[in-house]
Every structure is written in structure tokens, then in C-alpha cells.
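Architecture at a glance
This is what each chain is made of:
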Amino acid sequence: MSLTIDSNIEYLQRRLGINATAFYEKYSEMSVKDIIEAEAAQGNQAAIALADEILNNVSFVVELFDLADTNNKYAILREMNYRQLQDFLPKMEDKDLLQGLFFFSNDKLMKLLEALPPDQLVKTAFELFSKEEIVKLMPNEQLDKFLTSTEIDKNKILKHMQSIPEEYVAQVIEQITGEAVDDNMNSFDLAKKIGNLSPLEYQDALKAFQPTQKQQLVLSLGKEHNEWFQLFDAHAYTTIINREKQQAEIIKGMSVIESEHIQNMLKELPNDLLSVVITQIDTDEFAEILMDRMPEMLAKMILK
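Note that the structure is a prediction, hence the values are computed from the model and not measured.

Calculation rules
- Residues numbered from 1 in each chain as written.
- Predicted model: local features only at pLDDT ≥ 70, side-chain atom pairs only at ≥ 80, totals over all residues.
- Heavy atoms only, no water.
- Helix = DSSP H or I, 4+ residues; strand = E, 2+ residues; numbered from the N terminus.
- Rg over C-alpha atoms; globule rule 2.2 N^0.38 Å.
- Buried < 20%, exposed > 50% of the residue type's maximum accessible area, 1.4 Å probe, protein only.
- Contact = heavy atoms within 4.5 Å.
- Areas by Shrake-Rupley, 256 points an atom, 1.4 Å probe, with all protein chains shown as cover.
- Lys, Arg positive; Asp, Glu negative; His and termini not counted.
- Charge placed at Lys NZ, Arg CZ, Asp CG, Glu CD.
- Core = buried A, V, L, I, M, F, W, Y, C linked by side-chain atoms within 4.5 Å.
- Patch = residues over 30% accessible without salt bridge, like charges linked within 9 Å, V, L, I, M, F, W, Y side chains within 5 Å.
- Salt bridge = Lys/Arg side-chain N within 4 Å of Asp/Glu carboxyl O.
- Axes fitted to C-alpha atoms, helices over the stretch in contact; angles between N-to-C directions.
- Parallel < 35°, antiparallel > 145°, perpendicular 65-115°, else oblique.
- Left-handed = near helix turned anticlockwise from the far one by under 90°.

Assigned secondary structure in the chain consists of 23 helices and 0 strands. A compact globule built from 304 residues should have a C-alpha radius of gyration of about 19 Å, whereas the chain, at 32 Å, is more than 25% larger. For the C-alpha atoms alone, the extent of the chain along its principal axes is close to 105 × 30 × 25 Å. A buried classification covers 45% of the 304 residues belonging to the chain. Excluding contacts between residues fewer than 6 apart, the proportion of contacts in the chain whose partners are at least 24 apart in sequence is 77%. Of the roughly 15,300 Å² of accessible surface on the chain, a fraction of 46% belongs to carbon and sulfur atoms. For the chain, the distance from the average site of its 30 positive side-chain charges to the average site of its 51 negative ones is 1 Å.

Okay, here's the thing in C-alpha cells:
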């Protein structure tokens, strides 16, 4: 292993209570394990205690191998395989995990966002845009997809349709049926008439509204049921996000995504970059994982 521990040998010398000159004369070429064993054999009580501490005392391991130094962490991490590296991610703070997303290109970030569960993608979109902005930026075919979705109760749509100015609803009815609309019909009557159309004509009527009216209707429905914003395609969201926001803004917005999903994203990094991300982990957490799950790695460090 390439971890440098020269500076920590001084810490070991102090803990053993040995004169610096004598220490380096006797032990300059020996491993940590051999030094402690040699002193313990000579009855050094500090060495006897350290033999136990090196396997059980987090603070001692941190000091001995100077694990607060990110370079030392990285030297250890780069010796690990993909599976071992993953063990560290659940112990990391969300803000440090998010920093790892900067290693991805914008195109890759968009693919990762598209792969999220819909509720997580929509949460991110809400963090980046207002509902009004989302609806305004959605392409027309996405508004049609929303309005004609079987997920939305028809009566809900007809209720919210009553907020659209009557002349626009009347124009749609005339366009679909080819018949003039009675000027005395109010918004309720107009919505009811659309509701009585055949299923195919009903869908055509929804699509026949002008974009402004569609946006009004979609927004009104979406504000009542936030989950309906999940009816928009993931690719539609990422197209808007990629076009309208810079990478730093996007990653900041991704802070609302549940930690497990960010961890899964980072698992797509190559080992060297994933190791860089993990160097930001809390030092004590790092040492605890080494001691608990990777004793063989700790042994390599001790034997160095």
C-alpha cells in the first residue's frame, strides 16, 4: 500500500514513551505491528495497551494513520474495489454526496435524473422552477398527454374547465361538433356539453384548446394535485432543466432528492473519482468502517 505514515511514526513514538533518537535507531525499518510487539515483549505497558487500541480505538487509528488528511484517505481508498467503496456512501453527508455530482457531464446528469422515480424528479423540478414556469415551459404535446391521461378523473377536468373564459370553450365545442353554441350557455353548461361528447371527441376537444388555455387548465389541476405533475414525461423535464439551468443550479436543486438515489448515481463514477468523493467523509466514520468492515485493509496499514 502506498499510504505515507512517516509523520504518524512520531505519534507512535510519543505514545510508546520512547526517546526519539533511540526509537529511530531501533525501529526505523520496522512496521507498526512489529514495533508494538517488540515493545510489548519488553514489558512496555503503553505498547501492551496500544496492541488493543489499534483494533478498537477509533481516535488512535485516526491519529496513527493521519486519516484527517484527505491524501491519506485517498491512498487507502484507491486500493479498494468497487464493492468496498460503496460501503462508505451511506455514511456520508448529503452535501458531500452532492459535490460528487460535479464529476458528471450535464448530459449524464440528465440521464441520471430521467432514471429517478417520478416523484423524485418532480421534487427536483419544483426546486428549480415554480409550477407556473413548469407548465409554461412544457411543450404542447405534454399538455395534451396530461389532459388526456386516464389518471385524472373527467369530472375534475370539467370542474376546472369552468375557470376558462366561456368564449374559448364555446370555440372548441363549435370546432369539434361543427355546430353553433347557444349564446345563453354559461361556463357550467359549456363544460357539461364537452363532457357529453363521445370519448374520441372529448379528447379532441381537450387538445383543441389554445396553449394558453391548456396551460391554465393544467396548472389549475396540478395545483390541486401535485402528484399529477408526474404525468409529464421525464425527458420533457430534463430537456427543460438542461436548457434553462446551469450545472451548479441543477445540482443545488437536486439536494431535495433522497440520499439513497444520490448514492446510486455516484456508483456510476469510476473508482478513482468515487474515491475522491469519499475522501470528504467524516474522518471518524472512515476509521470505523475500516475497523469494522475492512480489517484486512487496516492490517495492510499496520504491517507497512
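Attention shifts here to the nonpolar core. Ranked by internal contacts, the top residues of the largest apolar core, which has 97 residues, are Leu-101, Met-161, Ile-194 and Leu-266. With sequence-adjacent residues up to four places away left out, Leu-266 is seen in contact with Leu-89, Leu-97, Gly-100, Leu-101, Phe-104, Leu-274 and Val-277.

Turning next to a negative patch on the surface. On the surface, Asp-282, Asp-284, Glu-288 and Asp-292 cluster together into a patch of negative charge. Relative to the assigned elements, Asp-284 resides in helix 22 (residues 283–293).

What follows concerns unusual backbone geometry. Unlike most non-glycine residues, Asp-66 shows phi in positive territory, near 45°. Residue position: Asp-66 is located in the loop between helix 5 (58–64) and helix 6 (70–77).

Our next topic: the packing of helix 13 (residues 154–161) against helix 15 (residues 187–195). Look at helix 13 against helix 15: their axes get within 9 Å of each other, and the N-to-C directions meet at 150°. With respect to helix 15, the element helix 13 is oriented roughly antiparallel. Like other packed secondary-structure pairs, helix 13 and helix 15 cross with a definite hand, here right-handed. Touching Lys-154, Leu-158 and Met-161 of helix 13 are Ala-191, Ile-194 and Gly-195, all from helix 15.

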